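Each chain, letter by letter, is given below.
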Amino acid sequence: MEFPVLTVNPAKVETACFVVPVFKEGDLLPAAAKLDDASERLIGQLIERGDFDPALGNVQLIPFAPGLAAERLLLVGLGDRAKCNEGNFRKALDATFPALARLPVDEAVVAFGDVPVPERDGAWKARMIAEASLRAVYRFDTFKSEPAPVPRLSRVGLLVSDNAEAANSELGARIGSALGHGINYARTLGNLPGNVCTPRYLADQAVQMGRDSAGHLAVDILDEEALEALGARTLLSVGRGSAEPSRLIVMRYQGAESDDEAPHVLVGKGITFDTGGISLKPGADMDEMKFDMCGAASVFGTMQAVLSIKPKLNVIGIVAAAENMPDGHATKPGDIIKTLKGLTVEVLNTDAEGRLALCDALTYAERFEPASVVDIATLTGASVIALGSHATGLFSNDDDLALDLLEAGETAWDRAWHMPLWDEYQSQLDSNFADMANIGGRPAGAITAACYLSRFADKYPWAHLDIAGTAWQSGKQKGASGRPVGLLTQYLLDREEDTRDITTEA
């Protein structure tokens, strides 16, 4: 999709559809006012007569636009001006682009650059517009014999006030486009069924991404033989009951001026289907356990965005991929396994398999001497109970890292919430027979899961994102969300900015 930036008189813009955001108070923004003047107060009259209610997220198509070069107008309600913030701006966009995608139009022009969002500039607004438009045209109907018609929308013009604002908006649109594609890639991987998206499939995707990167991405795949030689036995234990072999996938992007610059490492849980193993899950909604690899999907989506933006820093993506199935070879409750770190784990519940896969991947990350490590996992139902579907649970052994991730989430509007990781919780993992158990009981389940992972992340600044509530939606809108690709990409872009500031000061 293309995102040209325009600085012309809105009344003279030739477009199939002009999108006009309107506050509930009826005081028109600059572009809307010019359109209103040129159309004999068409917009103002519709509001005054009550034919359009500018409540937040309301949309109304005006199929004819007399006096204007545009063929149609799409009015979008912004709600109360006093309540205009990042969240309401995003809600307005998320109402706009699905409506546009349903229209028989190839292109449109939007005037959201006029909308005053406190502490956000034109680059941020352009980024949100590009991302929202790409999310809206996404479809996953690969396996339908009669797919729905593909949205025609392929060009969204961004109207801004002047040339200075245009340069800002062009940069924002480029980042938003990269993010939108990365989010949609993560959604596709998440939506694929478990009989297609296997650990080997994910490995093949990484290899292909490396081939397509023109040398910017190096990929290493550790198969089961290599993992056994390495000593990654807890990762291997997860897949013992499956016919599908496990994989550790390593993707290395070298964008910094020095190859020696410490990389930022993303570690994704890639359980491509989770039956619970011997600790079998209930049958209801088990189909959604194909989404248990959404942490891995977010790493793939972020790496794709990084390859598009090409920030000047080093990034490594690690995916621990396995399928958790019950058969005669499967790990049993009560089994004791030695981790890559050398610690032993008593497996009290085989449905707490994600942490078994991740702990070896976190130990593997030590060899890169990372500047930071962030793992992403659909880890616990307890996180869903605590935070619902709005916020990702954030745990960290480093307060500065936690604050950086929280700030990135606010900028990307892909928010997280900082949860405690106190030593008092660690005792819940005590085992009579091994160095630790893999579960700590029902109380504080998301916290004790993070406590378990923290024991394998003591050599570097580390954070854990529990995305069990944010990675996908259930019900009629069932599907992967692509979160937290936005948060992760913004975190990396901020680290590039930090590096640039340090270089400038030096």
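If you check an unreviewed UniProt entry, the chain appears there as Probable cytosol aminopeptidase from Modicisalibacter luteus. For the record of the chain, the UniProt heading Function (unreviewed entry) holds the text "Presumably involved in the processing and regular turnover of intracellular proteins. Catalyzes the removal of unsubstituted N-terminal amino acids from various peptides." What UniProt states about the chain under its Subcellular location (unreviewed entry) heading is, verbatim, "Cytoplasm".

A. Summary view of the sheet that holds strand β4 (residues 73-77). A sheet is described by the order of its strands in space; here six strands give the open sequence β1-β6-β5-β2-β4-β3, paired in mixed fashion. Of all the strands in the sheet, just β1 (5-6) and β3 (59-62) have a single pairing partner and so form its edges. Direction of pairing for β1 relative to strand β6 (residues 155-159): parallel, over a ladder of two bridges. Paired with Val5 across the strands is Leu158, a residue of β6.

B. Examining the UniProt feature "binding site: Mn(2+) 1" (unreviewed entry) in the chain more closely. Look at the UniProt record and you will see "binding site: Mn(2+) 1" (unreviewed entry) annotated at Asp274, Asp351 and Glu353. The named residues occupy 80 residues along the chain; their greatest pairwise C-alpha distance, 8.5 Å, places them in one compact cluster. Locating Asp351 in the fold gives a position in the loop between β12 (344-346) and α10 (354-365). Leaving out residues up to four positions away in the same chain, Asp351 has contacts with Asp274, Gly276, Ser279 and Lys281. At 3.0 Å, the side chain of Asp351 and the side chain of Lys281 are in polar contact. Looking at where Glu353 falls in the secondary structure, it is placed in the loop between β12 and α10. At 3.4 Å, the side chain of Glu353 forms a polar contact with the side chain of Lys269.

Scoring rules and cut-offs
Residues numbered from 1 in each chain as written. Predicted model: local features only at pLDDT ≥ 70, side-chain atom pairs only at ≥ 80, totals over all residues. Heavy atoms only, no water. UniProt positions renumbered as here; feature names shortened; annotations may be inferred. Pairing = 2+ DSSP bridges. Helix = DSSP H or I, 4+ residues; strand = E, 2+ residues; numbered from the N terminus. Contact = heavy atoms within 4.5 Å. Polar contact = N/O pair within 3.5 Å; in protein donor to acceptor, adjacent residues only side chain to side chain.

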